[in-house]
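The primary structure of each chain is shown beneath.
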Amino acid sequence: MDTPFTADDLRRFETDGYLRLEDAIPPELVAACADILWKASGCDPDDRSTWTQPVIRLPHLALAPFREAANTPRLHAAYDQLAGAGNWQPQGGLGTFPLRFPSPEDPGDAGWHVDVSFDTEAPNFLDWRANHASKGRALLMLFLFSDVGALDAPTRLRLGSHLQIARQLAPAGEAGLTLGELAANGFAESADCEEAIATGPAGTVFLCHPFLVHAAQPHRGRVPRFMAQPPLLPVAGHLPGEADTPVGRAIRGA
């Protein structure tokens, strides 16, 4: 399998914090997954009157189409390039799924944040933690199961913000910081970062550094946006931030 990213792409990942991989999932798998998501949502794709909520969240789904979509040869080659061959676990499915529908309502979940990765058994998610070695998470990933344009609630990404988070986590050592501590000032350190949005045709996957600051936004388009946002998990005992990979080099370079 040819590698999907060039050396320049990998350097850009270290600097910007993400890469976009088109044609990551074959169209027939995208269609199969989207059909399951429509049924699970309880909404009718042909009846807008059933689209009554700005966002419906579905849990992790381990059905065969999702396992296949998460483990295509093209994606495995990309995981190897970014996280290192042998350092990550094959996906057992996909999720969670924030399904966003056109709505004038505030979805209530559009704040800037990072996805933390350990001590997630704590009942309050603000007590969940991340550390400078990125314990428990090799990548943040956004799987598009619908075409996503600029008005279709694309995820917002702050370019280079992963470097600031790495610098913030470094003094905290192995214990790291809680999400509440990281978010105490609303991620003001990255407020001046250039923004990108996660748009593209269905079957596109955004592969993001685990520390990338990102946010949802309201849906002002016409077609619902179906997306999965799973982590790429490291194998037991592996610390992504300490590896000689684009993920690890970005952290140490920061």
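Whatever comes next refers back to the structure up there.
Caption draft 1: Expanded view of the layout of surface pockets. Taken as a whole, the largest pocket holds about 770 Å³ of empty space. Arg-57, His-113, Val-114, Asp-115 and Gln-229 are the residues nearest the centre of the largest pocket, which is lined by 33 residues in total. Where the lining of the largest pocket is concerned, the elements lending two or more residues are β2 (55-58), β3 (97-100) and β10 (214-215). In the lining of the largest pocket, the residues fall into 17 nonpolar, ten polar and six charged.

Caption draft 2: Broad picture of the pattern of salt bridges. This model, assessed by the stated rule, comprises nine salt bridges. Beyond isolated ion pairs, a larger network of salt bridges with shared partners links Glu-14, Asp-244 and Arg-249.

Caption draft 3: Summary view of the state of the cysteines. For the structure shown, the criterion picks out zero disulfides. Cys-43 supplies the cysteine sulfur nearest to Cys-33, a cysteine that is in no disulfide, at a spacing of 18 Å. Residue Cys-33 is classed as buried on the basis of its relative accessible area of 0%. Between Cys-193, a free cysteine, and Cys-208, which holds the nearest cysteine sulfur, the sulfur-to-sulfur gap is 14 Å.

Caption draft 4: The packing of aromatic side chains, seen in detail. Counting across every chain of the model gives ten aromatic pairs. Between the aromatic rings of Phe-101 and Phe-226, the centroid separation amounts to 6.2 Å while the plane-to-plane angle is 70°, which identifies the pairing as edge-to-face. Taken together, the residues span a long stretch of sequence, with Phe-101 in the loop between β3 and β4 (129-130) and Phe-226 in the loop between β10 and β11 (227-228) at a distance of 125 residues. We note that Phe-101, like Phe-226, is buried. Members of the aromatic cluster, each reached through a chain of ring pairs, are Trp-38, Trp-51, Phe-101 and Phe-226.

Caption draft 5: Geometry of the side chain of His-219. Relative to the assigned elements, His-219 resides in the loop between β10 and β11. What makes His-219 buried here is its relative accessible area of 3%. Of note is the side chain of His-219, whose polar atom sits 3.0 Å from the backbone nitrogen of Gly-221. There is a polar contact of 2.7 Å between the side chain of His-219 and the backbone oxygen of Val-223. Excluding its chain neighbours within four sequence positions, the residues that come into contact with His-219 are Arg-100, Phe-101, Pro-102, Ser-103, Leu-151, Asp-152, Ala-153, Pro-224 and Arg-225.

Cut-offs used in this document
- Residues numbered from 1 in each chain as written.
- Predicted model: local features only at pLDDT ≥ 70, side-chain atom pairs only at ≥ 80, totals over all residues.
- Heavy atoms only, no water.
- 1 Å grid on protein atoms, 1.4 Å probe; cavity = no way out; pocket = protein on both sides within 12 Å on 5 of 7 lines; lining within 4 Å.
- Points joined across faces, edges and corners; volume = space filled by probe spheres on them.
- Helix = DSSP H or I, 4+ residues; strand = E, 2+ residues; numbered from the N terminus.
- Nonpolar A, V, L, I, M, F, W, Y, C, P; charged D, E, K, R; others polar.
- Salt bridge = Lys/Arg side-chain N within 4 Å of Asp/Glu carboxyl O.
- Disulfide = S-S within 2.5 Å.
- Buried < 20%, exposed > 50% of the residue type's maximum accessible area, 1.4 Å probe, protein only.
- Phe/Tyr/Trp six-rings, centres within 6.5 Å; stacked < 30°, edge-to-face > 60°.
- Polar contact = N/O pair within 3.5 Å; in protein donor to acceptor, adjacent residues only side chain to side chain.
- Contact = heavy atoms within 4.5 Å.

The analysis is restricted to geometry; functional conclusions fall outside its scope.
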